[in-house]
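# Reading the structure
So the chains spell out like this:
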Amino acid sequence: MDSYEDEDVKRARSLSSGPPSGDAPEPADQPESLTESEPEPESEPEPGPGPQPRSESQPQFESRLQSEPEPAPTSGMAALSLPYQVAAAVSLAIIGALACVHLVMVFLHVAPSNTVTKQYGEAVDGWVYPEFEQNWKLFAPNPLQQNVAVQVRAEVTVSDGSRRSSDWIDLTAEDGEAIRGNLLPSHVQQNELRRAWDFYVNSHDSENRPNGLRGQLSESYVRRIVMQRLDAHDLGGPVERIQLRSSTRSVKAPEWSDEKIDTRPAHRVLPWWTVTAADLPGGVRNGRTEAGT
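First, a word on scope: everything that follows refers to the structure included in this document. (Residues numbered from 1 in each chain as written. Predicted model: local features only at pLDDT ≥ 70, side-chain atom pairs only at ≥ 80, totals over all residues. Heavy atoms only, no water.)

## Looking at the packing of aromatic side chains
- Overall, the coordinates contain two aromatic pairs when judged by the stated rule.
- Judged by centre distance (5.6 Å) and plane angle (25°), the ring pair of Trp197 and Tyr200 falls under stacked. With Trp197 and Tyr200 both in helix 6 (residues 187–202) and three residues apart, this pair spans about one turn of that helix.
- A relative accessible area of 4% means that Trp197 is categorised as buried.
- Take Tyr200: its relative accessible area is 1%, and that puts it in the buried class.
- When the centroid spacing of 6.0 Å and the interplanar angle of 70° are considered together, the rings of Tyr200 and Trp273 count as edge-to-face. You can see Tyr200 sitting in helix 6 and its partner Trp273 sitting in strand 6 (residues 273–274), a full 73 residues away along the chain. (Phe/Tyr/Trp six-rings, centres within 6.5 Å; stacked < 30°, edge-to-face > 60°. Helix = DSSP H or I, 4+ residues; strand = E, 2+ residues; numbered from the N terminus. Buried < 20%, exposed > 50% of the residue type's maximum accessible area, 1.4 Å probe, protein only.)

Structure (structure tokens):
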């Protein structure tokens, strides 16, 4: 082991001593690790896949991002305040529930008779009639081929105490005038009077006798509609009695058809009805509390 240490000492001395004088050959090139060289300038490390060192401006950029709030939404329900969001959500839920109930009621109305309709038929009819009734008169086998007009005349008390009858007023024609040229006609103008008259005809026989409770209900329904329409007319006094009639006229055959159709009107005249307070809907007072008998 001492021989190895002596050799290391000798080698160190020979390296530390200067080069030999004279023409002695220059020593061989020293290993790169032992030669002195000028320090090379440190180069910046190339960016690699690993995490990079943070620059001095990066913490300031991150703090600025954290301090700036996110922009608030400008559209939709998210732009509303919390109370309005709750109100909008509740309103949408109520509308959706009503739409589902309406679809179920209409489905049960048009569906064949079943256990549900037998048990809850009155509730279904109360929801559907008269505004949402479904029928197939536009299609076969019984398309409507007639124009039916509902007309009324009234017996009023004039200023001198006597009574007189007005001329026939075509209520169906008034609805027609309100619909023509109207892009969005109301359901009342299109269907209320027509469906009320169909309700009356289908619940009475040819002698105008009612068929059960539905017949009495149809009479009350028609009288209230007529009194509401007469409120817009100046008849010269309060209405004591009213009389209705229908004027049915068949639709004329097309010009290319050889079919002969009688287009003369056929009338169905109802008896006089005495007007009572029950026949006066809201907003219609008829000049007094109740008509005399």
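## Examining the packing of helix 6 against helix 7 (residues 213–230)
- It is at 8 Å that the axes of helix 6 and helix 7 come closest, and there the two elements cross at 145°. Relative to helix 7, the crossing made by helix 6 is left-handed. Between helix 6 and helix 7, the contacting residues are Val188, Glu192, Leu193, Ala196, Phe199 and Tyr200 on the first element and Arg214, Leu217, Ser218, Glu219, Tyr221, Val222, Ile225 and Arg229 on the second.
- Per-class residue counts for the contact of helix 6 with helix 7 are nine nonpolar, one polar and four charged. (Axes fitted to C-alpha atoms, helices over the stretch in contact; angles between N-to-C directions. Left-handed = near helix turned anticlockwise from the far one by under 90°. Contact = heavy atoms within 4.5 Å. Nonpolar A, V, L, I, M, F, W, Y, C, P; charged D, E, K, R; others polar.)

## Some details on the pairing of strand 1 (residues 146–157)
- The sheet contact formed by strand 1 and strand 4 (residues 239–250) spans eleven bridges and is antiparallel. Each residue of the ladder has a partner; that of Val150, found in strand 4, is Ser246.
- Pairing between strand 1 and strand 3 (residues 169–170): two bridges, direction antiparallel. Considered in strand 3, the bridge of Val152 is made with Ile169.
- Judged from the three bridges that link them, strand 1 and strand 2 (residues 163–165) form a sheet pairing that is antiparallel. Within the sheet, the bridge partner assigned to Glu155 lies in strand 2 and is Ser165.
- Counted along the chain from strand 1 to the antiparallel partner strand 2, the turn is five residues long, and its residue Gly161 has a positive phi close to 90°. (Pairing = 2+ DSSP bridges.)

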